[in-house]
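So the chains spell out like this:
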Amino acid sequence: MAVSYKKLFHLLIDKGMTNAELMEKAGFSANIITRIKRDNYISLDTIEKICKTLDCGVDDILEFTTEDEQ
């Protein structure tokens, strides 16, 4: 089972927010954006910061996929 963050990038577009704005408002580094773009692991703490910043739930920014879908 893998995680996809495609929903996050769609949500950012809908809200008119850039990756840089998200990083600044949520308080994390560019490394986290790189990890998200590559569908790598990010901590639950970071996911919480993103959800609070965007005023959304976890299911609004990520989804679980099978390895075949990647």
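The preceding data block contains the structure.
Residues numbered from 1 in each chain as written. Predicted model: local features only at pLDDT ≥ 70, side-chain atom pairs only at ≥ 80, totals over all residues. Heavy atoms only, no water.

(A) Looking closely at the nonpolar core. Counting 20 residues, the largest nonpolar core has Leu8, Leu22, Phe28, Ile50, Leu54 and Ile61 as its most contacted members. Looking at this core, the elements with two or more residues in it are helix H1 (6–15), helix H2 (19–26), helix H3 (30–37) and helix H4 (44–54). What Ile50 contacts, discounting residues up to four positions off in sequence, is Leu8, Phe28, Ile36, Ile42 and Ile61. (Core = buried A, V, L, I, M, F, W, Y, C linked by side-chain atoms within 4.5 Å. Buried < 20%, exposed > 50% of the residue type's maximum accessible area, 1.4 Å probe, protein only. Helix = DSSP H or I, 4+ residues; strand = E, 2+ residues; numbered from the N terminus. Contact = heavy atoms within 4.5 Å.)

(B) Quick look at the pattern of salt bridges. Under the definition given, this model contains 2 salt bridges. Residues Lys49 and Asp45 are paired through a salt bridge, measuring 3.7 Å at the closest nitrogen-oxygen approach. Linking Lys49 with Asp45, this pair stays in helix H4, spanning 4 residues, or about one helical turn. The salt bridge involving Lys52 is made with Glu48; its shortest N-O contact spans 3.2 Å. With a gap of 4 residues between them, Lys52 and Glu48 both fall in helix H4, about one helical turn apart. We classify Lys52 as exposed; its relative accessible area is 64%. The class of Glu48 is partly exposed, set by a relative accessible area of 41%. (Salt bridge = Lys/Arg side-chain N within 4 Å of Asp/Glu carboxyl O.)

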